[in-house]
Amino acid sequence: MRALVYEGEWQMPLREVKPPVPGDNDVIVQVKAAGICGSDVHGYAGITGRRTPPIVMGHEFGGVISEIGARVADYAPGDRVVIQPLWTCGKCESCTSGVPSLCLNRSGIGINTDGAFADAVRVPHQLLRRLPAEMTWEQAAMIEPLAVAMRAVNRSPIKLMDTVVIVGAGTIGLLALTMAKLKGAGQVIISDLSTHRLELAKQLGADMAVNVKEQDVVQIVRAQTDGVGASIVIEAVGASATVRQALSVVRSGGHITWIGNSQPEVALNMQTIVTREITVTGTYCYNDEFERALQAIHTQRVNVAPLIERVAPLEEGPQLIHDLAKGTLEAVKVILVP
Ligand SMILES: [Zn+2]
Ligand SMILES: [Zn+2]
């Protein structure tokens, strides 16, 4: 079968590889749609160290079961499924205390084991969820990123009519914008460097979309909040400049949720956090948010369609991920269809 194999920094050619074989508790899923995540792009460029070659990336996906292991009874070939890609042990302290996303033994499909930028992928059956018949494959691929944004907003104490600032208008920032509005934010101000992404943000309901190349976001947020600053800031980039920006727009006593994960280390003024009593919360992956994201798309409570800007065959993957990493392709969500 064909797979995009990440072989080292800036190298992810289409290769012919051995098809996966299911273990007793696994199934083989024929991939129908797989989203390219920012973490894949950063991993590809070798910025984050979050992907170790050789590996097939791709953790946002759905497909059709083609084969089942000897002990799989609850699924059958032909079933349409979406994959919750985070494997957790069920036994460690995090798992038994109800936060499996922090499992001490967690492992992600397409992150630690071979993923969905391929014709087929092996999946442990407990990670399968049935995809409702009305849902498209592109929608299936959007469930995972929506779940990530949902958890970020669940971990942000937004009160009705709060001013929320979102730093970064990539897929996660834009989905967080949608979720913050759903949670009752009074106004949402989003910032980015890309005019294209900011246009999309406005289309998705941002009250203000600030291009930090041209406008002073601190001044704008102050003007919109009687000089006080935003109660809640969601940082969806994860670099020094954007982390500092988040700190400069939050109100004293306010809350910042860090979801961006581009650079392992950032430089910031810690004194600001201390003397202004800022609460900083990290957020990673999801727990029941995955099922809720599926439900939100299925019931059309959330429309993910505007974010999907490119659907392309698997063989275009190497060029697309290269262009995304170089910044020459501005598409928000790119989905590969093997
Ligand atoms: Zn992702
Ligand atoms: Zn565990």
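Going by the structure above, here's the rest.
My aim in this report is to walk through the structure given alongside it, one point at a time.

The rules behind the values
Residues numbered from 1 in each chain as written. Chains lettered and ligands numbered in written order. Predicted model: local features only at pLDDT ≥ 70, side-chain atom pairs only at ≥ 80, totals over all residues. Heavy atoms only, no water. Helix = DSSP H or I, 4+ residues; strand = E, 2+ residues; numbered from the N terminus. Rg over C-alpha atoms; globule rule 2.2 N^0.38 Å. Buried < 20%, exposed > 50% of the residue type's maximum accessible area, 1.4 Å probe, protein only. Contact = heavy atoms within 4.5 Å. Areas by Shrake-Rupley, 256 points an atom, 1.4 Å probe, with all protein chains shown as cover. Lys, Arg positive; Asp, Glu negative; His and termini not counted. Charge placed at Lys NZ, Arg CZ, Asp CG, Glu CD. Donors = N, O, S within 2.8 Å, 3.2 Å for Na, K, Ca; no water. Core = buried A, V, L, I, M, F, W, Y, C linked by side-chain atoms within 4.5 Å. Domains from an automatic or database assignment. Tetrahedral: all angles 85-135°; square planar, octahedral: opposite > 155°, others 65-115°. Pairing = 2+ DSSP bridges. Axes fitted to C-alpha atoms, helices over the stretch in contact; angles between N-to-C directions. Polar contact = N/O pair within 3.5 Å; in protein donor to acceptor, adjacent residues only side chain to side chain. Right-handed = clockwise from strand over helix to strand, strands pointing away.

Observations regarding the overall build of the chain
Along the backbone of the chain there are 10 helices and 17 strands. For a compact globule of 338 residues, the expected C-alpha radius of gyration is about 20 Å, and the chain comes in at 20 Å, within 12% of that figure. C-alpha extents for the chain along the principal axes are approximately 65 × 40 × 35 Å. Within the chain, buried positions represent 55% of all 338 residues. The long-range fraction of contacts in the chain, counting pairs at least 24 apart against all pairs at least 6 apart in sequence, stands at 69%. Taken as a whole, the chain presents about 14,700 Å² of accessible surface, with 49% of it coming from carbon and sulfur. Seen as two clouds, the 30 positive and the 34 negative side-chain charges of the chain have centres 4 Å apart.

Things to note about the coordination of the zinc ion (ligand 1)
Around the zinc ion (ligand 1), the protein supplies Cys37 (SG) and His59 (NE2) as donor atoms, at distances of 2.1 to 2.4 Å. With Cys37 in the loop between strand S3 (26-36) and helix H1 (38-44) and His59 in the loop between H1 and strand S4 (60-68), this residue pair connects regions lying 22 residues apart in the sequence. Classification of His59 by relative accessible area gives buried; the value is 3%.

Things to note about the nonpolar core
Counting 54 residues, the largest nonpolar core has Ile143, Val164, Leu174, Leu177 and Ile190 as the members making the most contacts within it. Put simply, the parts of the chain that give this core at least two residues each are helix H3 (137-154), strand S10 (163-167), helix H4 (171-182), strand S11 (187-192), helix H5 (195-203), strand S13 (230-235) and helix H9 (289-298). Sorting elements by how many residues they give to this core places H3 first, with 12 residues. When residues of this core are assigned to domains, at least three fall in each of domain 1 (2-145 + 286-337) and domain 2 (156-282). In this view, Val164 contacts Ile158, Ala180, Ala185, Gln187, Val188, Ile189, Ile232 and Ile234; residues no more than four positions away in its chain are not counted. Met12, Val56, Phe61 and Ile321 belong to the second-largest nonpolar core, a separate cluster that totals 38 residues.

Observations concerning the coordination of the zinc ion (ligand 2)
Only Cys89 (SG), Cys92 (SG), Cys95 (SG) and Cys103 (SG) from the protein coordinate the zinc ion (ligand 2), and they sit 2.3 to 2.4 Å from it. One can describe the site at the zinc ion (ligand 2) as tetrahedral: its 4 donor atoms subtend angles covering 103 to 118 degrees at the metal.

Here's the deal with the environment of Lys91
Within the secondary structure layout, Lys91 lies in the loop between strand S6 (86-87) and helix H2 (93-96). Take Lys91: its relative accessible area is 72%, and that puts it in the exposed class.

Some details on the sheet that holds S13
Read from one edge of the open sheet, 6 strands run S12-S11-S10-S13-S14-S15, paired in parallel fashion. Among the strands making up the open sheet, the edge pair consists of strand S12 (208-211) and strand S15 (279-282). Shown here is a sheet whose adjacent strand axes are inclined to one another by a mean of 20 degrees, direction ignored. Bridge count for S10 against S11 is 5 bridges, and the pairing is parallel. Bridging across to S11, Ile166 finds its partner in Ile190.

Thoughts on the environment of Thr163
As for its position among the elements, Thr163 is in strand S10. Judged by relative accessible area, Thr163 falls into the buried class, the value being 11%. Through-space distance from the C-alpha of Thr163 to that of Ala120 is 44 Å; in sequence the pair is 43 residues apart. Once residues lying within four places of it in the same chain are set aside, the contact partners of Thr163 are Gln187, Ile189, Thr225, Ala230, Ser231 and Ile232. Here the side chain of Thr163 touches Gln187 through a polar contact of 3.1 Å, side chain to side chain.

Topic: the pairing of S11
Counting buried positions along S11 gives 6 out of 6 residues, so the element sits mostly inside the fold. Every second residue of S11 is oriented toward a common face, with Gln187, Ile189 and Ser191 on one face and Val188, Ile190 and Asp192 on the other, all of them buried. Where the polypeptide runs from S10 across H4 and back to S11, its parallel neighbour, the crossover connection is right-handed. In terms of strand pairing, S11 meets S12 through 4 bridges, oriented parallel. Bridge pairing links Ile189 to Met208 in S12. In the classification by handedness, the crossover that spans S11, the intervening H5 and the parallel S12 is right-handed.

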